[in-house]
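Residues per chain, in single letters:
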Amino acid sequence: MRFDLTDLRLLVAIAESGSLSRAAADFPIALSAASNRLRHLEHRLGLSLFTRHADGMTPTPDGRIALDHARRVLAEAAQLNQALDGLAGRQRVAVKLAANTVANSTFLPPALGPFLIDYPDVDLQVEEMPSQEILHALLSGDIDIGVLDGNLPLQGIVTLPFRHDRLVLFVPAGHSLAARGHCHLRDAVNYPFVGMPAERAMQHFVEEMATLLGRPLTLRVRAPGFFALAQLVTQGVGLAVMPEAAAQRHAAAMEAAIVTLDDPWATRELRLGVRSLDGLSAQARQLVAYLSRTT
């Protein structure tokens, strides 16, 4: 059965105004034409969509179901028009993405490249936040997409798998912990550390875990990125906590060792989060699809 968008708009207008005459006036369309449209639609469907009474019209149970679908179809049609208008005019579209330190520094850069090449008219605004702040930003509508710790309670948003992340200790090759191969953070907090800036999400998290042990980290110096951290570690300045992927990359080129952290919090599932897939722009939904299929 074919549906006319005008018929669907008329259904919604009648339901919202409670009156065929008011809906026809708002459209605008002649009352007789509106009445014929509704009558022919109900005849084709074999359903009564509205109950007629002296002071107006109200949807029947079948009508309420039809209205729910009609609103969805009209919303999709509006999004399609907006997307096509943007493509025709080469209108630039901004998509806001927030991720924690690990995702920003290791997993996102190679995943974002193919998307940005395929969609040259999309500008990405990428921010780094702790996972809890990303959740709040998604719920408030401040960002479109988040990459955050899947161990958090994520009520109120839709999530999809992204990556698995492990935090490890990066230590000099001859360090006593290197021979052990694995340890808990409590076994390492007596040693000096090198860290990233305090505002970096991962660094904040690691320092919080050490504080919960009752032994805040002794930080000799803060460095801007993982390469600088790795260099300082190999020079014997201190130990560092970093993502396993980054640690493996630097350990291969430096005299350093990787020590697995046995703490439960050191292994995390990173998830893609959105407030609602239906509420995203077409471009943002495409970005979610790109990130999802590169897991």
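Before going into details, it helps to say that this report is about the structure given with it. (Residues numbered from 1 in each chain as written. Predicted model: local features only at pLDDT ≥ 70, side-chain atom pairs only at ≥ 80, totals over all residues. Heavy atoms only, no water.)

A short note on the overall build of the protein
1) Next: A count of helices and strands for the protein gives 11 helices and 12 strands.
2) Next: Here the C-alpha atoms of the protein give a radius of gyration of 28 Å, more than 25% beyond the 19 Å that 2.2 N^0.38 yields for 295 residues.
3) Next: By its C-alpha atoms, the protein is 90 × 40 × 30 Å across when sized along the principal axes.
4) Next: Considering the protein as a whole, with its 295 residues, one finds that 43% of them fall into the buried category.
5) Next: Where the 27 positive side-chain charges of the protein centre and where its 30 negative ones centre are 3 Å apart. (Helix = DSSP H or I, 4+ residues; strand = E, 2+ residues; numbered from the N terminus. Rg over C-alpha atoms; globule rule 2.2 N^0.38 Å. Buried < 20%, exposed > 50% of the residue type's maximum accessible area, 1.4 Å probe, protein only. Lys, Arg positive; Asp, Glu negative; His and termini not counted. Charge placed at Lys NZ, Arg CZ, Asp CG, Glu CD.)

Examining the pattern of salt bridges
Any two side chains of opposite charge can pair, given that their charged atoms come close.
1) Next: Within this structure, the stated rule accounts for 11 salt bridges.
2) Next: One salt bridge in this structure joins Arg 72 and Asp 68, with 3.2 Å as the shortest N-O distance. With a gap of four residues between them, Arg 72 and Asp 68 both fall in helix 4 (residues 61-88), about one helical turn apart.
3) Next: The class of Arg 72 is exposed, set by a relative accessible area of 53%.
4) Next: In this structure, Glu 128 engages Arg 200 in a salt bridge whose closest nitrogen and oxygen atoms are separated by 2.6 Å. Pair noted here: Glu 128 is in strand 4 (residues 122-128) and Arg 200 is in the loop between strand 8 (192-195) and helix 8 (201-212), with a separation of 72 residues, a long-range link. (Salt bridge = Lys/Arg side-chain N within 4 Å of Asp/Glu carboxyl O.)

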